[in-house]
Amino acid sequence: MSNILRNLPSVSQLLESPQLKKMVENINHGVVAEGVRTFLDDLRTQVVDAAGEVPIPTPTEMADRIADWLSNEERPYLRRVINGTGIVLHTGLGRAPLAAEALAAVNENSKSYASVEINLMTGERGQRVKAVERLICELTGAEAAVVTNNNAAATMLTLSAMAAGKEVIVSRGQLIEIGGSYRLPDVMECSGAKLKEVGTTNKTHLADYENAIDPELTGALLKVHPSNFEVIGFTKTISTKELSKLAAKHDLPLIDDIGSGALLDYAQFGLRNEPVASESIRDGADLILFSGDKLIGGPQCGIIAGKKKYVDRILKNPLMRAMRVGKMTLSALHATLSLYRDQEKAKQSIPLLRMLSMPAENLKLRAEKLASLLSAVPCVGSCEAIQEEAMLGGGSLPAQKIPTWCVSITPAGSVDALSAKLRSGTPAVMGRVQQGKLLLDTRTISPAEDLELVKVFETLEA
Ligand SMILES: *Cc1c(COP(=O)(O)O)cnc(C)c1O
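Bear in mind that the values here come from a model prediction, so they are computed numbers and not experimental data.

Quick notes on the rules
Residues numbered from 1 in each chain as written. Predicted model: local features only at pLDDT ≥ 70, side-chain atom pairs only at ≥ 80, totals over all residues. Heavy atoms only, no water. Near = heavy atom within 4 Å. Polar contact = N/O pair within 3.5 Å; in protein donor to acceptor, adjacent residues only side chain to side chain. Areas by Shrake-Rupley, 256 points an atom, 1.4 Å probe, with all protein chains shown as cover. Helix = DSSP H or I, 4+ residues; strand = E, 2+ residues; numbered from the N terminus. Nonpolar A, V, L, I, M, F, W, Y, C, P; charged D, E, K, R; others polar. Expected span 1.5 Å × (residues − 1). Buried < 20%, exposed > 50% of the residue type's maximum accessible area, 1.4 Å probe, protein only. Contact = heavy atoms within 4.5 Å. Axes fitted to C-alpha atoms, helices over the stretch in contact; angles between N-to-C directions. Parallel < 35°, antiparallel > 145°, perpendicular 65-115°, else oblique. Left-handed = near helix turned anticlockwise from the far one by under 90°. Pairing = 2+ DSSP bridges. Right-handed = clockwise from strand over helix to strand, strands pointing away.

A. Spatial organisation of the site of the ligand. With respect to spatial proximity, 13 residues lie near the ligand, and among them Arg95, Ser227, Asp257, Ser291 and Lys294 are the closest. In the environment of the ligand, an oxygen atom lies 2.5 Å from a nitrogen or oxygen atom belonging to the side chain of serine 227. Residue serine 291 places a side-chain N or O atom 2.8 Å away from an oxygen atom belonging to the ligand. Against a free-state accessible area of 380 Å², the protein chains account for coverage of 94% of the ligand. Among the elements of the structure, helix H8 (151-163) and strand S10 (254-259) are those that each provide at least two residues to the shell around the ligand. When its residues are assigned to classes, the shell around the ligand shows 4 nonpolar, 6 polar and 3 charged.

Here's what the structure looks like:
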């Protein structure tokens, strides 16, 4: 064994190999040398553990393996994914893809300087959010608006500005968790406001809210859209309209976290119960909170819209500076919102709306075409187009399924091995595994990606 260890090539010998010399040129000496050291250390450990039974690669094989491993490590961790999961707003895949108009605006305003906080009419300093505030107000009916990093930030900032040190009344049926890191009670605690729970999980009455209001202690009423679950059966929740009357009677603000922030009626895509921003304002919410990258189909951000006196109070809160967005987000949001001025245009240009409005018949044709092309690829055993159900995801409309068509692939090898190979490609491809088959959902794959997808499969070994 000691003989084997003694005969392993040195780091500097390996670095002399043509493959690794080239990597030193492309990356740098330090990174490649460290990679070689790690590889040799691992090999020594294997030799010691196996008491000499390990086949030792030749120096050329070692250099090849190190070069392969390093080039894999050096690929960007964040890279494009063809989303075949059928989850339209996949948080793990960055939620909504952006419209071409949004990308063009980011490009134009980021490659040079932009009027982020300058009013170009007067030449004076202005509010950062002014660039998009007018549009948000136009689309929601609000008097004023603020943009933050995401809806979690919008919630924390709003609670802090409106009710730090005071109680915020929330129905027990609306104490939500959105993914492990967003839990309303925790966000509330961080903001400095105190949670005052009322009602029960399934029923909360107006009197529950009314009895909990204390002129000294209460800072606000909060309504939260239960985005990712549904309570059915013996239930009661209080409408925004009723709550806003109660809040006004006691001179308290009503904050409505509507979650996904629909700017149009999603019933036209067969999706029900998604609160529309303008309806909440019309029904009397003083402040509404929603995400930019869920149903709006824009960049990751949070939007706070509502009464000017409250928005002014939020703008003065010290957390505002910590949660504000940069010019890339503002540009993408402005361009996305502009598309909503004409709903038909929004449906054609915003990828999310395009995916949702695609007729199933259309998806069927694409799935059949893909199935026939993929059947001929070596790593695919057999392949067929099947009718399935897609999901909105992103914490939206959990119980509602969207009709769709998938390519169902029976791999030549194991389904896990095929999935892993697809994930490691550039672009990466993700599908869903169901009963030993890999399903690729055409609802979330852009038609422009169909042939690219086939090419990715063709590069894989059987
Ligand atoms: C998604 C969601 C949030 C969190 O929004 P992010 O933009 O992910 O921070 C908060 N509240 C509700 C009701 C939501 O649906």
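B. Representation of helix H15 (residues 327-339). Helix length check: H15 (13 residues) gives 19 Å between terminal C-alpha atoms against 18 Å at 1.5 Å per residue, within 8%. Inspection of H15 places Thr329, Leu330, Ser331, Ala332, Leu333, Ala335, Thr336, Leu337 and Leu339 among the buried residues, and these make up the whole buried set. Where H15 is buried, its residues meet helix H6 (100-110), helix H7 (130-140), strand S4 (144-148), strand S12 (302-306) and helix H16 (343-349).

C. Representation of the packing of H8 against helix H9 (residues 184-191) within the structure. Where H8 meets H9, the axes come as close as 8 Å, and the angle between the chain directions of the two elements is 45°. With respect to H9, the element H8 is oriented oblique. Helix-helix and strand crossings are classified by hand; for H8 and H9 the assignment is right-handed. Facing H8, whose interface residues are Ala152, Thr155, Met156, Leu159 and Ser160, H9 presents Leu184, Val187, Met188, Cys190 and Ser191. Taken together, the residues that form the contact of H8 with H9 break down as 7 nonpolar, 3 polar and no charged.

D. Molecular detail of the environment of glutamine 435. Examined against the element boundaries, glutamine 435 turns out to sit in the loop between strand S16 (432-434) and strand S17 (437-441). Along the primary structure glutamine 435 and serine 372 are separated by 63 residues, whereas in three dimensions their C-alpha atoms are 21 Å apart.

E. View of the pairing of strand S11 (residues 287-291). Counting buried positions along S11 gives 5 out of 5 residues, so the element sits mostly inside the fold. Residues of S11 alternate between two faces, with Leu287, Leu289 and Ser291 on one and Ile288 and Phe290 on the opposite face, all of them buried. Note: S10 against S11, 4 bridges, orientation parallel. Considered in S11, the bridge of aspartate 256 is made with isoleucine 288. Following the chain from S10 across helix H12 (residues 277-282) to the adjacent parallel S11, one finds a crossover that is right-handed. The pairing of S11 with S12 spans 5 bridges and is antiparallel. By the bridge assignment for S12, serine 291 is matched with glycine 302.

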